[in-house]
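One letter stands for each residue in the lines below.
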Amino acid sequence: MSSFPLYAPAEEHEMLREAVRALADQKIAPRAAEADETGEFPWEVYKDLVAADFHAVHVPEEYGGAGADALATVIVIEEVARACASSSLIPAVNKLGTVPLLLSASPELKEKYLAPVARGDAMFSYALSEPEAGSDAAAMKTRAVLDGDHYVLNGTKMWITNAGVSEFYTTMAVTDPSAGARGISAFVVEKSDEGVSFGAKERKLGIKASPTRQVIFDNVRIPASRMIGEPGTGFKTALATLDHTRITIAAQALGIAQGALDHAVGYVKERKQFGKAIAEFQGLQFMIADMAMKLEAARQLTYAAAAKSELAMHGTPVRDLTFFSSAAKCAASDAAMDITTDAVQLLGGYGYTRDYPVERMMRDAKITQIYEGTNQIQRMVMARQILK
Ligand code: CAA
């Protein structure tokens, strides 16, 4: 995209939205309830996304990717999430895992690891959090010790989205314990590296078809060339990555909320009580208006953040990207929680059952207030940006 500023979707963005929505309506939405019930990773959806080249749209063309800009990536994630939040973690986590490489890796590392993701041969996860290092990510304990031309990794990462199904893991580990956040480095670890194993699948409230597991490193020996960037730059790379990818969580929240709103609107027009469609009651009309207003406000903020992300990715310094990224994630996820809760309310008793999708959407929405930094952390990040 060359137009600037890139706030509003261009015609090709809207065409992309239509294409993703058509696929999502036909192939993803019909499988969403079952994926939620069984908790199985939606491999059929993955294949359909790969066939349409929607599984990792952000990967640049030079690595065989679709080369979509940040706004286009948001739109893809939004439309997949409108049908199935778990499935939307395929394009979202592929971006989360690979942005550290795009930002900081050597050309060789980029070439080696981005091409298989673009082809759909491998997925990429991001391993920052640990059992005792969640919001305080710099308190991580996982160690990487240099031994000749290799590093040896030991430790346990936790809450890793798509763990086990991803081939590759951007992993942050301590290389200099005396240096705090400046003693953390980033590496690419492969699922097949000896000593890598996975914990049991977490039993979660939502996004059940996307596995969340520990990733355990037991004397995992990897070539030193798998370090992303210079020693000691891993924490900065991790946070710089989140500046780009919190926007994709905002996108996921928008999609979940849109799915719930669309379903609720259809329902209130059909459902009759007191001799008329419940959509005719002003109390419910005000609810619908508020839901749509909150959604659109969060969407515009997210698209503005995506425009800034795109500029920053291409080397333009963007002073307020950190603020916009946290603000979009926080606003969109809070909106999604409100909107999905109200959608359940509009469907009444039916909304509370698994016969309708809105209860799943409400459960799925909750995680967007928690992961890639809780909304309390987002507010802390925003306040620091304002007050600095
Ligand atoms: N970009 C680049 N560098 C940054 C940065 C940014 N946005 N923000 C801070 N830094 C740098 C600082 O400049 C500093 O470097 P110097 O010392 O060289 O100046 C260094 O990083 C440490 O910064 P802070 O002192 O501000 O770090 P902190 O320990 O106070 O932590 C924090 C800051 C914002 C709380 C951070 O720890 C944070 O974001 N925590 C939440 C973690 C998080 O989001 N986890 C989600 C994991 S991903 C996920 O959910 C998994 C999934 O699969 C979906």
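What counts, and at which threshold
Residues numbered from 1 in each chain as written. Predicted model: local features only at pLDDT ≥ 70, side-chain atom pairs only at ≥ 80, totals over all residues. Heavy atoms only, no water. Helix = DSSP H or I, 4+ residues; strand = E, 2+ residues; numbered from the N terminus. Rg over C-alpha atoms; globule rule 2.2 N^0.38 Å. Contact = heavy atoms within 4.5 Å. Areas by Shrake-Rupley, 256 points an atom, 1.4 Å probe, with all protein chains shown as cover. Lys, Arg positive; Asp, Glu negative; His and termini not counted. Charge placed at Lys NZ, Arg CZ, Asp CG, Glu CD. 1 Å grid on protein atoms, 1.4 Å probe; cavity = no way out; pocket = protein on both sides within 12 Å on 5 of 7 lines; lining within 4 Å. Points joined across faces, edges and corners; volume = space filled by probe spheres on them. Nonpolar A, V, L, I, M, F, W, Y, C, P; charged D, E, K, R; others polar.

J.: With reference to specific residues and values, describe the overall build of the chain.
T.: Of the regular secondary structure elements, the chain holds 10 helices and 10 strands. Relative to its length of 388 residues, the chain is compact, with a C-alpha radius of gyration of 21 Å against a globular reference of 21 Å. The dimensions of the chain, computed from C-alpha atoms along their principal axes, are 80 × 45 × 40 Å. Within the chain, contacts between residues separated by at least 24 positions form 75% of all contacts whose residues are at least 6 apart in sequence. As displayed, the chain has an accessible area near 16500 Å², and 54% of this comes from carbon and sulfur atoms. Distance between charge centroids for the chain: 5 Å, based on 40 positive and 48 negative side chains.

J.: So what about the layout of surface pockets? Which residues, and what values?
T.: Over the atoms a probe the size of a water molecule is rolled, and this reveals where empty space is left. Estimated volume of the largest pocket: approximately 1200 Å³. Counting only elements with at least two residues in the lining of the largest pocket, the list comes to helix H4 (85-104), strand S3 (150-161), helix H6 (234-270), helix H9 (358-368) and helix H10 (375-387). Here the lining of the largest pocket is built from residues that sort into 23 nonpolar, 10 polar and 10 charged. Put simply, the second largest pocket is a space of about 460 Å³. Forming the boundary of the second largest pocket are 22 residues, of which His58, Pro60, Ala68, Glu310 and His314 lie nearest the centre. Put simply, the parts of the chain that give the lining of the second largest pocket at least two residues each are helix H1 (11-38), helix H3 (70-83), H4 and helix H7 (282-313). Considering only residue class, the lining of the second largest pocket consists of 9 nonpolar, 6 polar and 7 charged.

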